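Observations on the model geometry
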Amino acid sequence: MSVPTIKRLDPTVVNRIAAGEIIHRPANALKELIENALDAGSTQIEIHIKDGGLKLLQIKDNGHGIHREDMAIVCERFTTSKLSTFEDLSKIATYGFRGEALASISHVAHVTITTKTADSPCAFRAHYSDGKLVSAKPGQDADPRPCSGTNGTQITAEDLFYSIPARRKALQEPGKEYSRIVDIVSRYAVHNTGVSFTCRKHGMNADVQTASSASLVDTIRQIYGATVASELLSVERAFESLAYRMKAYITNANYNVRKTTLLLFINHRAVESAPIKRMIEDVYSDLLPKGSHPFVYLSLEINPRNVDVNLHPTKRQVQFLNEDKIIKTLGDTLRELLESASHSRTFYNKLPMKDANSIELCEKKSVNKTAAYNNVRTDSKERTLDSFLYAAGASTPGPQRQSSGKDTTENEPKNTNIKRTRVEVRLKSVLDLRKQVQAVGHADLTRMFVNHTFVGCVDDMLALIQYETSMYLVNHTAISEALFYQVVLNEFCNFGTLHLDAPVIITDCIKMAMETEEAFNELPTHLNDKDVIAKTIKDILVSRAVMLKEYFEISISEEGHLHTLPMLLKDYTPALDKLPLFYYGLEQRWVDWENERQCFDGLAKELAILFCTEPPLSTNGQADLQEYERYQWQIQHIIFPSLKSHFTAPSHLTSQDSCIRKLASLADLYRVFERC
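Before going into details, it helps to say that this report is about the structure given with it. Residue numbering note: each chain is counted from 1, following its sequence as written. With pLDDT at 70 or above as the cut-off, local features in this predicted model cover only qualifying residues; side-chain atom pairs require 80 or more to be listed or tallied, and sums for whole chains, interfaces and linings still use all residues. Only heavy atoms go into the side-chain values, all of them from the structure, while hydrogens and water stay out.

So, about the packing of helix H13 (residues 506-519) against helix H14 (residues 530-543). Lines are fitted to the C-alpha atoms to define the axes, a helix being fitted only along its stretch in contact, and any angle between axes, read from their N-to-C directions, falls within 0 to 180 degrees. Secondary structure elements are taken from DSSP: a helix is a run of H or I of four residues or more, a strand is a run of E of two residues or more, and numbering for both begins at the N terminus. Orientation of H13 relative to H14, taken along the N-to-C sense of each, is 130°, at an axis distance of 9 Å. Considering the angle they form, H13 stands oblique to H14. Where H13 crosses over H14, the handedness of that crossing is right-handed. Taking contact as the criterion, the partners of Ile506, Thr507, Ile510, Lys511, Met514, Glu515 and Glu518 in H13 are, on H14, Lys530, Asp531, Ile533, Ala534, Lys535, Ile537, Lys538 and Leu541. Here the angle decides the label: under 35 degrees means roughly parallel, over 145 means roughly antiparallel, 65 to 115 means roughly perpendicular, and every other value means oblique. Note: crossing handedness is left-handed where the near helix turns anticlockwise from the far helix by less than a right angle, and right-handed where it turns clockwise. Any pair of residues with heavy atoms lying within 4.5 Å of one another is described as a contacting pair.

Structure follows, in structure tokens:
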């Protein structure tokens, strides 16, 4: 048998082997790209995925971009802007440092980079394969080509693992790969609260969408749910002797799930640590039932000189000095935090069985018993105030519209919500309006509406809600107007449709509105003839019918007849007797048709006024009672549940005393009754 000869592998083979060690699956590639975007100082990161990242993996940021001169080598191995000498590795403070991420991806996928720096007059686009520039089409120059673009970088990786068929065949479940991608994005979104993250499947709604202004707890609530956020305990502490700081948000003993959710960051890098995970499970072992686990967000900032980040090809694991001592101090800190909050928990012990079929449970008294006036008692199964207003056996109103017998019933709309591909809105005016909503949001008030419990309607405009140990009287008309304004902006160009059984003549509506204004002496005296004004407004609306249909699902015929309205919330129907003032207001109040942003803002405000909660016009008869019951049903079952998920409470609501008023709290009531 002849002795085999040792030979040097082809560089392409070497690079593909190395790439396979770093990029195990699409989620690994995305993690590297997210870290590059964060290193670039990005405050907005958008991710688009197709077929679990195998067909398309695209990430776009608004960071500082890449210089055109650097694009030729950006996908070569060991090209980096993070360090220049080996000694720099001991004090590295960035995510990336080896310069292997983009190189590895380019060896297993077709990569396209579009980038623009702040001082560049235009963006540049280049294509890469096996770490080198390649032409987009045969015969073309491979150099970066100028194109339009915004500041930042967009990296697109297509046909991931096309060069490793065995790896690609092993990843044939796009749903599971996408779940791993969402997990990675969620972790970095929680940790980087100053950065907005968006992650969606190609052509679908976003599965992760956070705002840069949101707090860490708000981001956890949005991604992992209100149940987790409401049970969080926080601690932040520095240990000078061990040269590290820790920050943690952990669930108390009232929360438990079947699997531990651990978001672990060491020096801002998402990592895994079996010893830290065992420590956390040990801390909770005496507090949670067997088989139950907590949610833990833990961030450690350790002196970079004490951390070895170059341990694992994917940087998934790190080693640090004094690991045992640091883990012990972590465990002691978390245990102390949980014990200090354990007084809010009720424990149950099993007693010896009296016979084979009986087991008694008794409540174990806690040493630190919670004051009775601090107990929050809410149950979604409990009846609301409205349930006491109906006679026994009477049917309560449901989502079906009751026949009213009035003349306007021929115009009652029918809901149509056909499932279709969601349109991604790129209009700067709409995006700016959405940002403005977030900017003026009131965090505490938003939290109240997210976690409130509906008690009942008081009258046509007011309702009672409970939040923690307090009762509030809220003006649902004003609040629903703010809600619908935000819904219009968020669902822009993606509305369902409310079809009117009979078309509404716009000119008749406008003249009716003017007659109403005139009756209350609110119609300006200098206006022209009503017919002229009505025709002018109708002509304006008809001339913009295409825009109204495409963006707002408002369908207007050439004759000036209204056929459809947008469906803002499923099963919700507005009071159509406000239609005349809606059309009159389009011209007289808000809408500046010549300015895009003011036009969309005005239309959103007018639609919010049309859709906000107002009782139906009262006349005599049983039909009116049915309409009124339907109105109150919509408030309880559509409006207030929507406030839990679709609403950012604007700050101006706090300045209106008639809008939100605190009626009572358990603590105050106990003080009153203690005097009796």
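Note on exposure labels: buried denotes an accessible area under 20% of the residue type's maximum, exposed denotes more than 50%, and partly exposed covers the range between, all computed with a 1.4 Å probe on protein chains only. The element strand E1 (residues 44-50) is extensively covered by neighbouring structure, given that 5 of its 7 residues are classed as buried. Strand pairing is defined by DSSP finding a minimum of two bridges between the two strands. The sheet contact formed by E1 and strand E2 (residues 56-61) spans 6 bridges and is antiparallel. Across the sheet, Ile45 pairs through a bridge with Asp61, a residue of E2. Count of turn residues in the E1/E2 antiparallel hairpin: 5 residues, of which Asp51 carries a positive phi of about 55°.

Turning our eyes to something else, we now look at the sheet that holds strand E12 (residues 261-266). Picture the strands of a sheet paired through backbone hydrogen bonds; they go either parallel or antiparallel. In spatial order, the strands read E10-E11-E14-E12-E13; together these 5 strands make up an open sheet with mixed pairing. The open sheet is flanked by strand E10 (232-239) and strand E13 (269-270), the only strands paired with a single partner. Relative to strand E14 (residues 295-302), strand E11 (residues 244-251) runs antiparallel, the two being bridged by 7 bridges. Pairing of Ala248 across the sheet is with Leu298, part of E14.

What follows concerns the packing of aromatic side chains. Aromatic contacts are taken between Phe, Tyr and Trp rings whose centres are within 6.5 Å, Trp giving its six-membered ring; a plane angle under 30 degrees counts as stacked, one over 60 as edge-to-face, and the others as tilted. Applying the stated criterion across every chain, the model contains 15 aromatic pairs. An angle of 10° between the planes, with centres 4.9 Å apart, marks the rings of Phe239 and Tyr244 as stacked. Classification of Tyr244 as buried rests on a relative accessible area of 2%. On the numbers, 5.1 Å between centres and 40° between planes, the contact of Phe484 with Tyr572 is tilted. Taken as a pair, Phe484 in helix H12 (residues 476-490) and Tyr572 in the loop between strand E25 (561-567) and helix H16 (579-588) lie far apart in primary sequence, 88 residues in all. Since its relative accessible area comes to 0%, Phe484 is described here as buried. Here the aromatic residues Tyr188, Tyr249, Phe265 and Tyr297 are joined through ring pairs into a cluster of three or more.

Turning to the pairing of E25, a few remarks are in order. Counting buried positions over the 7 residues of E25 gives 5, a clear majority of the element. With 6 bridges connecting them, strand E23 (residues 496-505) and E25 associate as antiparallel partners. What sits directly across from Ile505, in E25, is His561. Pairing geometry for strand E24 (residues 555-556) and E25, over 2 bridges, is antiparallel. Looking at the pairing, Ile556 lines up with Leu562 of E25. The antiparallel hairpin formed by E24 and E25 contains 4 residues in its connecting segment, where Gly560 sits at a positive phi of about 85°.

Turning to the sheet that holds strand E21 (residues 462-467), a few remarks are in order. Taken in spatial order, the 4 strands of this open sheet run E20-E21-E22-E26, and their pairing is antiparallel. Each having just a single partner strand, strand E20 (453-457) and strand E26 (660-665) make up the two edges of the open sheet. The average undirected angle you get between the axes of adjacent strands in this sheet is 25°. Relative to E21, E20 is paired through 4 bridges, and the arrangement is antiparallel. Residue Phe454 lies in a different strand from E21, and its bridge partner there is Ile465.

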